[in-house]
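Now for the letters of each chain:
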Amino acid sequence: MTDDTAAPPAPNPLFADGTNCWQHSVADAFGWAIDGDDYFRAVRDAIGKAEREIIIVGWDIDSRLELIRDATDPRHPSPLCETLQRLVDANDALRVYVLSWDFALVYVLERELLPARAFGWENSERLYFELDGKHVSGASHHQKLVIVDGALAFLGGFDLTKDRWDTRDHPAEEARRIDTEGNRYPPFHDVQAVVTGAPARCLRELADQRWQNATGTGLPALDAPGADAGERLWPGDVPVRARKVTAAIARTWCDPDGGEPIREVEAAYLDMIASARHSIYIENQYFTSESISKALAERLGQKDGPEIVMVLPTETSGWLEQATMDVLRNKALGRIHDADRYRRLRVRSPVARGSSDDSSGTPINVHAKVMIVDGRFSRIGSANLSARSMGLDSECDLVVDDPDAALALCADLLAEHMDADTDTVRGRLAEDGLVATVDGMREGSGRLEALEPEFRNTEQLLLEPIAKIADLEKPLVRSDAANDDEDMPTPILGWLFFAGVMLIVAFWVILGVQGSEVDVDLKEVLRDLRGLASHWFAPLLAIPAFVVGSLVVAPVTGMIAVCALLFDPWIASIVAIAGVLAAT
């Protein structure tokens with residue numbers, strides 16, 4: 001990973017290679033890009049300077065993504081695939097490798113169909129695209145990396161895909177905030193780290209391992225970059241926040257061959273929480289992990305424990321996640337609220353205001369995965385605070401030890417959320433501390449609201465077992481590497497999850513009939529479901545759901561009723577008959 005001349009990292013009280021990180025080293029430079037406008041422009045800048053290699057690894061990658069939304073920018077337009085192809089055509093020495101998760105069917109309507117063809121498939125010289133489906137049953141590849149010439153790397157929560165672009169102002173209405181099909185979407189917030197030097201070379205090694213895992217062949221060897229390569233590639237609009245700092249890379253990896261899982265991400269989270277003396281600042285898309293919520297609750301219960309501020313989305317996007325991940329989040333939030341006897345916890349959600357008379361605001365989708373501890377350790381990565389990210393999905397986080405950078409990152413994020421001046425927030429943080437700054441500056445900003453979900457109710461208790469299917473910590477099916485190299489058994493998670501969806505829908509229908517006060521727009525749920533059911537493959541998925549439903553003793557009449565709600569009459573009849581026959 002590192003060359004012989006690289007200086008070894010100084011001893012660090014947090015990082016332990018092979019335990020809570022893969023390896024730690026000295027980064028030449030470290031910085032970050034907040035929100036899509038800044039990040040996508042930074043990627044366009046860096047890849048435009050590439051001389052030998054561009055690697056893109058993601059959970060989702062859309063060839064049509066427009067990197068530059070400013071029509072006055074000379075690089076506009078810059079759709080991702082066309083931009084990569086132009087760069088390859090202009091430089092015979094440049095090769096591009098794009099690796100995207102071979103997604104589950106449940107995401108098919110959210111993604112670009114036939115992405116390999118969009119990226120040129122086998123017809124594009126020196127632009128290679130692969131779908132990576134080599135993972136254990138029920139897992140996804142969730143790492144988000146862009147690596148240029150082995151010298152500069154981006155990593156964090158951002159995928160190069162639709163529904164991610166936004167400005168740091170997050171206006172409630174933004175004409176440029178449209179997806180690749182021209183549809184508007186709500187405000188979106190995320191964070192990506194930028195790093196050069198040894199950590200970038202380490203991430204190139206990780207990408208090589210992923211390519212090997214997906215294709216059976218590793219990436220071609222790449223000579224060590226020149227001493228000035230990172231500085232040359234650094235995006236012009238991204239400030240360098242620290243130089244020559246210790247940085248660690250933590251992973252989650254569950255070996256498809258049944259080997260021991262790598263849980264560095266979880267270990268690093270737990271060690272950071274345990275080491276905190278004064279403050280913990282968190283931004284995350286999800287908060288469902290039992291191990292993390294218990295660790296935070298333990299620190300809140302200690303008299304001399306740290307202050308904790310969490311910035312989470314008001315609710316997850318889409319009714320299905322709200323019926324699964326939000327249910328588990330409410331349980332985790334209930335645990336830490338119960339432990340907060342010294343009132344050191346603040347849980348907030350950012351909103352965008354459309355006008356002065358907009359009393360409710362538009363929730364901002366928080367997709368970032370950030371933790372800042374004691375104004376010293378800055379963590380940016382792909383890992384959610386979910387069970388999946390702790391032990392099942394492939395993840396990658398960067399942790400940097402530098403007080404100036406940590407304070408600057410915290411101030412940068414809070415200034416955006418509270419619509420305040422960054423220097424003012426930084427001064428308040430240094431003088432008053434984290435909670436006092438959030439409490440004192442939140443008033444009047446209208447951007448950061450208290451998140452007060454219902455922690456426990458009857459409906460959530462009933463939905464919790466189904467919700468856990470969406471947030472597995474371990475594979476549903478594992479192969480035994482020592483068992484004569486037998487193939488992994490056919491995954492059944494998709495069937496179980498679809499059956500769970502049907503049960504959730506049936507449960508909501510019952511609640512609607514009984515006049516429950518659950519805050520669910522049943523008509524909207526059914527309208528969304530019928531839209532999904534209109535796709536050609538939906539009836540094919542419904543048939544195995546009948547089989548799984550019969551195994552869990554779901555009433556056939558109820559499953560037939562759900563079919564009648566989702567499909568047109570003649571399709572519903574065929575699906576119901578086929579499903580009943582398959583289940584008998």
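Residues numbered from 1 in each chain as written. Predicted model: local features only at pLDDT ≥ 70, side-chain atom pairs only at ≥ 80, totals over all residues. Heavy atoms only, no water.

A look at the overall build of the chain
Within the chain, the regular secondary structure consists of 19 helices and 19 strands. For the chain, with 584 residues in total, the buried portion stands at 55%. The contacts in the chain between residues at least 6 apart in sequence include a share of 77% that link residues at least 24 apart. Working note: accessible area of the chain is about 24,600 Å², and carbon and sulfur atoms make up 52% of it. (Helix = DSSP H or I, 4+ residues; strand = E, 2+ residues; numbered from the N terminus. Buried < 20%, exposed > 50% of the residue type's maximum accessible area, 1.4 Å probe, protein only. Contact = heavy atoms within 4.5 Å. Areas by Shrake-Rupley, 256 points an atom, 1.4 Å probe, with all protein chains shown as cover.)

Details of helix α4 (residues 198-215)
Along its 18 residues, α4 runs 26 Å from first to last C-alpha, staying within 8% of the 26 Å computed at 1.5 Å per residue. Regarding α4, the residues found buried are A198, P199, A200, R201, C202, L203, R204, L206, A207, R210, W211 and A214. Once α4 finishes, G216 follows within two positions and takes phi at roughly 90°, a positive value. (Expected span 1.5 Å × (residues − 1).)

Concerning the confidence of the model for the chain
Looking at the chain, the pLDDT average stands at 84 and 75% of residues meet or exceed 70. Across residues 479-495 the pLDDT falls below 50, and counting only partners more than four positions away or on other chains, this stretch makes 23 contacts in the model. Counting interchain partners and residues more than four positions distant, the pLDDT-below-50 stretch residues 513-518 has five contacts. (pLDDT = per-residue confidence, 0-100.)

Points about the pairing of strand β12 (residues 307-311)
When a strand is regular, its side chains alternate between the sheet's two faces. Judged by how many residues are buried, β12 sits mostly within the fold: four of five residues are covered. Here strand β11 (residues 279-283) pairs with β12 via five bridges, running parallel. Each residue of the ladder has a partner; that of I280, found in β12, is I308. Taking the sense of rotation as the criterion, the β-α-β connection linking β11, helix α7 (residues 290-300) and β12 turns out right-handed. With four bridges connecting them, β12 and strand β13 (residues 345-352) associate as parallel partners. For M310, the partnering residue across the bridge sits in β13 and is V347. (Pairing = 2+ DSSP bridges. Right-handed = clockwise from strand over helix to strand, strands pointing away.)

What to know about the environment of L429
Mapped onto the elements of the fold, L429 is located in helix α12 (residues 422-432). On the basis of relative accessibility, which here comes to 11%, the residue L429 falls in the buried class. Each C-alpha atom of the pair L429 and L414 lies 9.9 Å from the other, and the pair is 15 residues apart in sequence. The residues contacting L429, other than those within four sequence positions of it, are L407, C410, A411, L414, L434 and T437.

As for the packing of helix α1 (residues 36-48) against helix α2 (residues 80-90)
Remark: α1 packs on α2, axes separated minimally by 11 Å, with the N-to-C direction vectors making an angle of 15°. Between α1 and α2, the angle is such that the two are roughly parallel. As α1 runs across α2, the sense of the crossing is right-handed. In this structure, α1 contributes R44, I47 and G48 to the contact, and α2 contributes T83, L84 and L87. Considering only residue class, the contact of α1 with α2 consists of three nonpolar, two polar and one charged. (Axes fitted to C-alpha atoms, helices over the stretch in contact; angles between N-to-C directions. Parallel < 35°, antiparallel > 145°, perpendicular 65-115°, else oblique. Left-handed = near helix turned anticlockwise from the far one by under 90°. Nonpolar A, V, L, I, M, F, W, Y, C, P; charged D, E, K, R; others polar.)

Considering the state of the cysteines
Applying the stated criterion to the full structure yields zero disulfides. No disulfide involves C21; its sulfur sits 9.2 Å from the nearest other cysteine sulfur, which is in C202. (Disulfide = S-S within 2.5 Å.)

Digging into the packing of helix α11 (residues 403-418) against α12
Between α11 and α12, the least distance of the axes is 8 Å, while the angle of their chain directions is 120°. Between α11 and α12, the interaxial angle falls into the category oblique. Both α11 and α12 take part in a crossing whose hand is right-handed. Residues D404, L407, A408, C410, A411, D412, L414, A415 and M418 of α11 lie in contact with α12, whose contacting residues are T422, V425, R426 and L429. Considering only residue class, the contact of α11 with α12 consists of nine nonpolar, one polar and three charged.

A look at unusual backbone geometry
Most peptide bonds adopt trans geometry, and most residues besides glycine take a negative phi value. In the segment running from H76 into P77, the intervening peptide bond is cis, with an omega of 0°. Within the secondary structure, P77 sits in the loop between β2 (53-58) and α2. Not every positive phi belongs to a glycine, and D163 is a case in point at roughly 65°. Its location among the elements puts D163 in the loop between β6 (152-156) and β7 (188-189). A positive phi angle, near 55°, is found at D419, a position not held by glycine.

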